[in-house]
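Here are the chains, one letter per residue:
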Amino acid sequence: MSIEDIYTTESGAGWTTVDATRLVKDQIIETDVVVVGTGAGGGTTAEILANAGLNVVMVEEGALNSLKEFKMDELEAYPKLYQEGMSRVTADGGIAIMQGRTVGGSTTVNWTSSFRTPDETLKHWSSLGLKGFTPESMAPWFDDRERRLGIKPWTVPPNPNNQVLQSGCQRLGWSWHVIPRNVRGCWNIGYCGMGCPTNAKQSMLVTTVPGALSRGASLFYNLRANHLQYQGTSTQALECQAIDPVSQEPLPVKVEIRARHYVVSASAIGSPTILLRSNTPDPYKLIGKRTFLHPVNATLAIMPERIEPYKGAPQSIYSDQFNWRDGVTGEAGFKMEVPPMFPALTAGIIGEYGRQLADTMHQLPHINAVLSLVRDGFNEASPGGEVRLRSDGTPELDYPVTDYLWRGLKEAYLRMAEVQFAAGAKKVKFLHNHSPYFNRYSEASQWMQDKELKILQSRLFTAHQMGGCAMGENPSSSVVNSDGQHHHIDNLSVIDASTFPTSVGANPQLSIYAMAARQATQLAQKLKSA
Amino acid sequence: MTKTTHSRRQFLRLSLLTPFAVTASTAYLSGCATSARRPDKPLQDTHFHFLDEDSAQIWQAIITVMIVTDTGDSPSTDEVSLHISRIDQGLRHFSPANREKVSDLFNLLSITFTRGLTTGIWQPWPNATHSDIRQFLDAWKNSRFQVFNQGYNVLAQLAAFTYYGEPEHWEESGYPGPPKEIKAALPQFKSQEIAG
Ligand SMILES: Cc1cc2nc3c(=O)[nH]c(=O)nc-3n(C[C@H](O)[C@H](O)[C@H](O)COP(=O)(O)OP(=O)(O)OC[C@H]3O[C@@H](n4cnc5c(N)ncnc54)[C@H](O)[C@@H]3O)c2cc1C
Ligand code: SF4
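Residues numbered from 1 in each chain as written. Chains lettered and ligands numbered in written order. Predicted model: local features only at pLDDT ≥ 70, side-chain atom pairs only at ≥ 80, totals over all residues. Heavy atoms only, no water.

### Points about the environment of A:Asn368
Residues and elements named next belong to chain A.
Thinking step 1. Within the secondary structure layout, Asn368 lies in strand β16 (residues 367-374).
Thinking step 2. When the C-alpha atoms of Asn368 and Leu165 are compared, they prove to be 9.0 Å apart, with 203 residues separating the residues in sequence.
Thinking step 3. Residue contacts for Asn368: discarding those within four places in its chain leaves Asn161, Val164, Thr299, Leu300, Ala301, Met303, Ile307, Val338 and Gln420.
Thinking step 4. A distance of 2.8 Å separates polar atoms of two side chains, one belonging to Asn368 and the other to Gln420. (Helix = DSSP H or I, 4+ residues; strand = E, 2+ residues; numbered from the N terminus. Contact = heavy atoms within 4.5 Å. Polar contact = N/O pair within 3.5 Å; in protein donor to acceptor, adjacent residues only side chain to side chain.)

Next comes the structure, spelled out in structure tokens:
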């Protein structure tokens, strides 16, 4: 099959896609359902509703970047495809937030790792009172989404970057497994984070959004959902505004959308922001609270062999050796994986300058990096962060790293260095502003044990934002119910990563797809029978 | 917890200082400007989208210390100009709120009074020596105050990310760029080939 940009070639002929920056006057649009956000939650929901015969309007704040824009160039891709031009950080600047802002949302830039929600997490959520989230009731929805998105364990041998994690785990007797990926006909080149240049990645951009469009849905992009208008317990309209795709400044044109039902899928940080801007009834002040990040730290190894960490499927091996190390609700566990290392990203995250920076960069072909996703939100000492509105109505996330998380991060630093030395690393350094390179694990371990870890000195990241509109059956501790239905407003749902009551404990995309498929299917039935 | 309040207070002090310093030192600054040594060669591209002349001058001084090229030298003036215009390009895509934060940082660094107080560099940027600049960067990097750590991280990240991301410098990190045969097989590179 030849590769083409489905949005600009024949395939897309007849699809209704509207660039809001080109609208010359305000608009009022009526529809059955409006879906805000076209990422994992929104894309899945829009397709299922459109397939059920409902009129669907998709609203996306980001631009329509498709194949023709995906040129495997970091400096071009990151500013265009990520929230705040890749400059999003937590309020104190301590955690860099990577999140998509483009049609397809974060799925357009994600690294294709596709895990079912761990049974431990589903059971924990069920114990919190969530309905329909037992491993048994979710299984058919995972099956369904795996089929839709081509999710299968990666059968190509892992690239050398992933092999380091694999062989280190083998030597230490730690568990490791092959990662399932959402790809069809993947070329194994590794540019998933800059927008897949071959359409192989089964992101929402090339699957469910086109699916919805071909069933008559329309897509408005460069259009920000500002706020919902309520009357009593019902939503009357969604007020939207065109946004300049580069500066992100609001433009004069406004679009008002009137629908029978409103689905907010603007993700963690994004969905609570819309609800906060709308003064949504929130008697227990829960909106925006309990936002989770899977805080990520990392270590860098110089390997004797060539690694070329910029080549090949970015993530294919993981280790859960320490993910549930102290039970589900005990000390913070972490999942170990590797990140792809392209030059700009590498130079940006190591936090050095001058000679030290150049010395590390010269060795890029021999660099391996390992990262840990720390599982936040399962213990009361990890209550997550809070989304607040800035004076211009855009969000800021305050996320304090608690002592509990620092303990988890420290243990993760140690284990990552251990696995790299076990795999034969010549030198290892922690991604920490003060860390030198170490020649032996004992030296690295001593340094880390003695170090008091602090924000802005430990280099921390997140690519997994969750929570802020927690699901639950009790309105005093949750924003929406287990179906994603808002507790206080009748015709309003939230369907995306923001409804998770804790973090997932695994890369979240398949958790979102499966949950959204179930919730959207129920919603379609409800709207059809009404 | 006490650390956070401490650094918050420090930040507050800085932000209180800034508006005061802006008005108090404008006259002072304009007096200084003429006595400042001009850079050997003016910046090539002064048509920035976001940066102004002052902030470009700061970048010019800092980059020659932050970036060490393959040969062990500082990058040439032309390279620095290109680099600054790429940083400017990246900043255009920052959110309005984050652009404002970067502006505040550059204001702090361009006004003599606040610059001297926070970096120890009292002379105009073009007169600062490499060792002055190194001292300032290390002080900010290792400071007890979060606001300075944050300033260091912003400067270091922007400079390093942009420099090593530029195709002209891929070779310095041994990165070969996207495989040629793959580009040849993809439609999005076709028009470019024809164009040259
Ligand atoms: C670099 C990177 C790598 C990742 N790798 C993986 C991986 O390998 N495996 C995995 O499982 N997960 C991965 N993730 C995470 C995963 O992609 C996300 O968790 C998932 O896409 C979140 O789904 P969502 O629907 O909640 O939000 P998103 O997919 O982010 O979609 C939300 C959309 O809403 C839009 N929006 C926000 N506010 C508004 C508004 N006011 N009006 C209109 N639109 C709005 C946004 O622009 C965005 O397009 C990665 C993420 C990143 C950034
Ligand atoms: S590795 Fe596969 S999915 Fe990722 S960018 Fe390359 S072709 Fe696309």
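### Observations concerning the nonpolar core
Thinking step 1. B:Trp59, B:Trp125 and B:Phe136 are the most contacted members of the largest nonpolar core, which totals 166 residues.
Thinking step 2. With 11 residues, helix α7 (residues 146-165) of chain B is the largest single contributor of residues to this core.
Thinking step 3. Aside from chain neighbours lying at most four places away, what touches B:Phe136 is B:Ile62, B:Leu109, B:Thr119, B:Ile121, B:Trp125 and B:Leu155.
Thinking step 4. Core analysis: the next-biggest nonpolar cluster, separate from the first, contains 45 residues, A:Ile317, A:Phe334, A:Tyr413 and A:Ile455 among them. (Core = buried A, V, L, I, M, F, W, Y, C linked by side-chain atoms within 4.5 Å. Buried < 20%, exposed > 50% of the residue type's maximum accessible area, 1.4 Å probe, protein only.)

### A few points about the interface of chain B and chain A
Thinking step 1. In this assembly, 54 residues from chain B lie in contact with 55 residues from chain A.
Thinking step 2. Approximately 4,600 Å² of surface area, both sides summed, lies buried where chain B meets chain A, with 59% of it carried by carbon and sulfur atoms.
Thinking step 3. Three residues stand out in chain B for area buried against chain A, namely B:His93, B:Phe161 and B:Gln188, and they jointly supply 15% of the buried area on that side.
Thinking step 4. Taken together, the links from chain B to chain A amount to 2 salt bridges.
Thinking step 5. Between chain B and chain A we count 23 residue pairs in polar contact (both at pLDDT 80 or more) in total.
Thinking step 6. Residue contributions to the side of chain B that touches chain A peak at 12 residues, all from α7(B). (Buried area = accessible area lost by both parts, 1.4 Å probe. Salt bridge = Lys/Arg side-chain N within 4 Å of Asp/Glu carboxyl O.)

### Some thoughts on helix α9 (residues 354-362) of chain A
Thinking step 1. Taken together, the buried positions of α9(A) are occupied by A:Gly354, A:Leu357, A:Ala358, A:Thr360 and A:Met361. Taken down its axis, α9(A) places every buried residue within 165° of arc, on the same side.
Thinking step 2. Buried positions along α9(A) lie against β13 (296-302), α8 (343-350) and β16 of chain A together with α2 (53-66) and α7 of chain B. (Arc of directions from axis to C-beta.)

### Some details on the site of ligand 1
Residue and element names in this part refer to chain A.
Thinking step 1. Around ligand 1 lies a shell of 40 residues, among which Gly41, Glu60, Ser113, Ser267 and Gln509 are the nearest.
Thinking step 2. With respect to ligand 1, the side chain of Ser267 contributes an N or O atom lying 2.7 Å from an oxygen atom.
Thinking step 3. Within the backbone of Gln509, an N or O atom sits 2.6 Å from an oxygen atom of ligand 1.
Thinking step 4. Compared with its free state, where it exposes 1,000 Å², ligand 1 has 98% of that area covered by protein.
Thinking step 5. Of all the secondary structure elements, the ones that give two or more residues to the shell around ligand 1 are α1 (40-51), β3 (56-60), β9 (223-231), α7 (270-277) and α12 (509-529).
Thinking step 6. In terms of residues, the shell around ligand 1 owes the most to one element, β9, which gives 3 residues.
Thinking step 7. A class-by-class count of the residues in the shell around ligand 1 yields 15 nonpolar, 19 polar and 6 charged. (Near = heavy atom within 4 Å. Areas by Shrake-Rupley, 256 points an atom, 1.4 Å probe, with all protein chains shown as cover. Nonpolar A, V, L, I, M, F, W, Y, C, P; charged D, E, K, R; others polar.)

### Looking at the site of ligand 2
Thinking step 1. Among the 13 residues in the neighbourhood of ligand 2, the closest are listed as A:Cys186, A:Ile189, A:Gly190, A:Cys192 and A:Cys196.
Thinking step 2. Split by residue class, the shell around ligand 2 holds 8 nonpolar, 3 polar and 2 charged.

### Observations regarding the packing of aromatic side chains
Thinking step 1. Tallying each qualifying case throughout the model produces 24 aromatic pairs over all chains.
Thinking step 2. Ring geometry for A:Trp125 and A:Phe133: centres 6.0 Å apart, planes at 75°, overall edge-to-face.
Thinking step 3. Aromatic pair A:Phe342 and B:Tyr175: ring centres 6.1 Å apart, planes at 85°, arrangement edge-to-face. Residue A:Phe342 is located in the loop between β15 (334-337) and α8, and its partner B:Tyr175 is located in the loop between α7 and α8 (180-184); the two belong to separate chains. (Phe/Tyr/Trp six-rings, centres within 6.5 Å; stacked < 30°, edge-to-face > 60°.)

### Some remarks on empty space enclosed by the protein
All names here are of chain A.
Thinking step 1. One pass over the full model with this rule turns up 7 cavities of 30 Å³ or more.
Thinking step 2. Around the largest cavity, the lining comprises 15 residues; the ones closest to its centre are Cys186, Ile189, Gly190, Cys192 and Cys196.
Thinking step 3. Residue classes in the lining of the largest cavity are distributed as 10 nonpolar, 3 polar and 2 charged.
Thinking step 4. Taken as a whole, the second largest cavity spans an internal volume of roughly 70 Å³.
Thinking step 5. If you go around the second largest cavity, you meet 13 residues; those closest to its centre are Tyr78, Trp111, Gly193, Pro340 and Leu345.
Thinking step 6. Residue composition of the lining of the second largest cavity, grouped by class: 11 nonpolar, 2 polar and no charged.
Thinking step 7. Here the lining of the second largest cavity spans two domains, and each of domain 1 (10-150 + 202-286 + 467-529) and domain 2 (160-180 + 296-375 + 402-454) adds at least three residues to it. (1 Å grid on protein atoms, 1.4 Å probe; cavity = no way out; pocket = protein on both sides within 12 Å on 5 of 7 lines; lining within 4 Å. Points joined across faces, edges and corners; volume = space filled by probe spheres on them. Domains from an automatic or database assignment.)

### Points about unusual backbone geometry
Residues and elements named next belong to chain A.
Thinking step 1. Even without a glycine there, the phi angle at Ser267 is positive, about 75°.
Thinking step 2. Relative to the assigned elements, Ser267 resides in the loop between β11 (250-264) and α7.
Thinking step 3. A positive phi angle, near 55°, is found at Arg290, a position not held by glycine.
Thinking step 4. Within the secondary structure layout, Arg290 lies in the loop between α7 and β12 (291-292).

### Some thoughts on the packing of α2(B) against helix α6 (residues 130-142) of chain B
The relative placement of two packed helices is expressed as an angle between their axes plus a distance between the axes.
All names here are of chain B.
Thinking step 1. The N-to-C vectors of α2 and α6 enclose an angle of 85°; their axes lie 9 Å apart at closest approach. The pairing of α2 with α6 is recorded here as roughly perpendicular in orientation. From α2, Ala61, Ile62, Thr64, Val65 and Met66 reach across to α6, where they touch His130, Ile133, Arg134, Phe136 and Leu137.
Thinking step 2. Split by residue class, the contact of α2 with α6 holds 7 nonpolar, 2 polar and 1 charged. (Axes fitted to C-alpha atoms, helices over the stretch in contact; angles between N-to-C directions. Parallel < 35°, antiparallel > 145°, perpendicular 65-115°, else oblique.)

### Looking at the side chain of A:Thr207
Residues and elements named next belong to chain A.
Thinking step 1. On the secondary structure map, Thr207 appears in the loop between β7 (180-182) and α6 (208-214).
Thinking step 2. For Thr207, a relative accessible area of 3% gives the class buried.
Thinking step 3. In this structure Thr207 touches Glu47, Arg148, Leu149 and Gln202, once residues within four positions along its chain are discounted.

### Topic: the domain arrangement of chain A
Residues and elements named next belong to chain A.
Thinking step 1. One can read the domain layout of chain A as domain 1 (10-150 + 202-286 + 467-529) and domain 2 (160-180 + 296-375 + 402-454).
Thinking step 2. The partner domain 2 presents 20 residues to the 17 residues of domain 1 that form the contact.
Thinking step 3. Contact with domain 2 buries area across many residues of domain 1, yet Glu74, Trp111 and Phe115 alone supply 40% of it, more than any other trio.
Thinking step 4. Connecting domain 1 to domain 2 are 0 salt bridges.
Thinking step 5. At the junction of domain 1 with domain 2, the criterion picks out 6 residue pairs in polar contact (both at pLDDT 80 or more).
Thinking step 6. Broken down by secondary-structure element, the contributors of at least two residues to the side of domain 1 that touches domain 2 are α2 (74-81) and α3 (119-127).

### A word on the pattern of salt bridges
All names here are of chain A.
Thinking step 1. Taken as a whole, this structure holds 29 salt bridges over all chains when the rule is applied.
Thinking step 2. The salt bridge involving Arg101 is made with Glu61; its shortest N-O contact spans 3.8 Å. With a gap of 40 residues between them, Arg101 in the loop between β4 (95-97) and α3 and Glu61 in the loop between β3 and α2 connect regions that are remote in the sequence.
Thinking step 3. Overall, Arg101 belongs to the buried group, its relative accessible area being 5%.
Thinking step 4. The structure contains a network of salt bridges with shared partners spanning Lys68, Glu69, Glu76 and Lys80.

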